[in-house]
Amino acid sequence: MSAIPGIPCEAIPGHPDFVALATLPGIDVDLRYASDDNFVGRHVYGALDCAYLRRDAAEALSAAAQWLAAARPGWRLRVLDALRPQRVQERLYAELDGTPLAMYLAHPERGSIHSFGMAVDLTLLDPHGREADMGSGFDEMSALSHPEYEAEHLALGRLTPAHLTERGWLRRAMREAGFHGIASEWWHFDFGDRVAVRRDLPRVL
């Protein structure tokens, strides 16, 4: 692992600057990298407990869930990834390094916003507990996942109005709470300015 100063992931439970996702009401948690249901096809977190966010991001996520519950009764947020330690980011990047798909992961030297506990990947659950159909899956590394191309895909029939409606609800809930989406992944949201996060906060190692 790189010699980067930060906080060991093992020190996060009980850390005053981090909040466990399990304590947030109305939030469902299904961390895909803590299972085999991810793009590498195996559990990459091992014994690490990664169901955390920094306090500011966690409080904003709770506000997003409350907004969604009020605006669309019965619907909830499902967290697919939250805190992603530096050592895990390095493993994931190694899987894609040297391929065109590497663009979907921050280079470990620069650092993923996930590794600061200030980014979250998520989707919507309907009132029956089913994930909304977003037109592409979580971590589906294709143009269909890019919000920047949605109008084009809609015109070509590759995405439907229903897909864009669900993505719109997710974005609205997260934006209402102060999160920012990115151009390449409908599921990813940052809290705070990326430059300031990387400059001012410690990484989780």
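Before any of the text, the structure's been laid out above.
This one's a predicted model, so the numbers in the text were calculated from it and none came from an experiment.

Asker: What is the right way to read the overall build of the protein chain from this model?
Answerer: Along the backbone of the protein chain there are five helices and nine strands. Seen in sequence order, the protein chain has helices and strands lined up from the N terminus as β-β-β-β-α-β-α-β-α-α-β-β-α-β. Compactness check: the protein chain gives a C-alpha radius of gyration of 16 Å against a globular reference of 17 Å for 205 residues, within 12% of the reference. For the C-alpha atoms alone, the extent of the protein chain along its principal axes is close to 45 × 40 × 30 Å. Relative to its 205 residues, the protein chain shows a buried fraction of 52%. For the protein chain, restricting intrachain contacts to residue pairs at least 6 apart in sequence, the fraction spanning at least 24 positions comes to 75%. Surface exposure of the protein chain reaches about 9200 Å², of which carbon and sulfur atoms provide 52%. Charge separation in the protein chain, taken as the distance between the mean sites of 21 positive and 29 negative side-chain charges, equals 2 Å.

Asker: What should I look at first to understand the side chain of H146 in this one?
Answerer: Tracing the backbone shows H146 in the loop between β6 (119-125) and α3 (150-156). Look at H146 and you get buried, because its relative accessible area is 5%. Looking at H146, its side chain comes within polar contact range of the side chain of Y104, at 2.7 Å. For H146, the residues in contact, after removing those within four places along its chain, are M103, Y104, R167, A183 and S184.

Asker: Help me understand the packing of aromatic side chains, please; the structure alone is not making it clear to me.
Answerer: Aromatic ring pairs are defined here through the distance separating the ring centres and the angle between the ring planes. Across all of its chains, the model carries seven aromatic pairs by this definition. Judged by centre distance (6.2 Å) and plane angle (55 degrees), the ring pair of Y33 and F138 falls under tilted. Placement of the pair is Y33 in the loop between β3 (27-29) and β4 (52-54) and F138 in the loop between β6 and α3, with a sequence separation of 105 residues. The class for Y33 is buried, based on a relative accessible area of 1%. Pairing W186 with W187 gives two aromatic rings, centres 5.3 Å apart and planes at 85 degrees, and the pair type is edge-to-face. This pair shows no difference in class: W186 is buried, exactly as W187 is. What links up through ring pairs into an aromatic cluster is the set Y33, F39, Y45, F138, W186 and W187.

Asker: Sorry if this is basic, but what is going on with the pattern of salt bridges here?
Answerer: Pairs can form between side chains of opposite charge once their charged atoms are near each other. Summed over all chains, the structure comprises 17 salt bridges. A salt bridge links E131 to R78, with the shortest nitrogen-to-oxygen separation between them at 2.9 Å. Here R78 lies in strand β5 (residues 76-81) and E131 lies in the loop between β6 and α3, a separation of 53 residues in the sequence. Judged by its relative accessible area of 16%, R78 falls in the buried class. With a closest N to O distance of 2.8 Å, D81 and R84 form a salt bridge. As far as the burial class goes, D81 and R84 line up, both buried. Each of D28, D30, R32, D37, R78 and E131 takes part in one network of salt bridges that share partners.

Parameters at a glance
- Residues numbered from 1 in each chain as written.
- Predicted model: local features only at pLDDT ≥ 70, side-chain atom pairs only at ≥ 80, totals over all residues.
- Heavy atoms only, no water.
- Helix = DSSP H or I, 4+ residues; strand = E, 2+ residues; numbered from the N terminus.
- Rg over C-alpha atoms; globule rule 2.2 N^0.38 Å.
- Buried < 20%, exposed > 50% of the residue type's maximum accessible area, 1.4 Å probe, protein only.
- Contact = heavy atoms within 4.5 Å.
- Areas by Shrake-Rupley, 256 points an atom, 1.4 Å probe, with all protein chains shown as cover.
- Lys, Arg positive; Asp, Glu negative; His and termini not counted.
- Charge placed at Lys NZ, Arg CZ, Asp CG, Glu CD.
- Polar contact = N/O pair within 3.5 Å; in protein donor to acceptor, adjacent residues only side chain to side chain.
- Phe/Tyr/Trp six-rings, centres within 6.5 Å; stacked < 30°, edge-to-face > 60°.
- Salt bridge = Lys/Arg side-chain N within 4 Å of Asp/Glu carboxyl O.

Taken by themselves, the reported measurements are silent on function.
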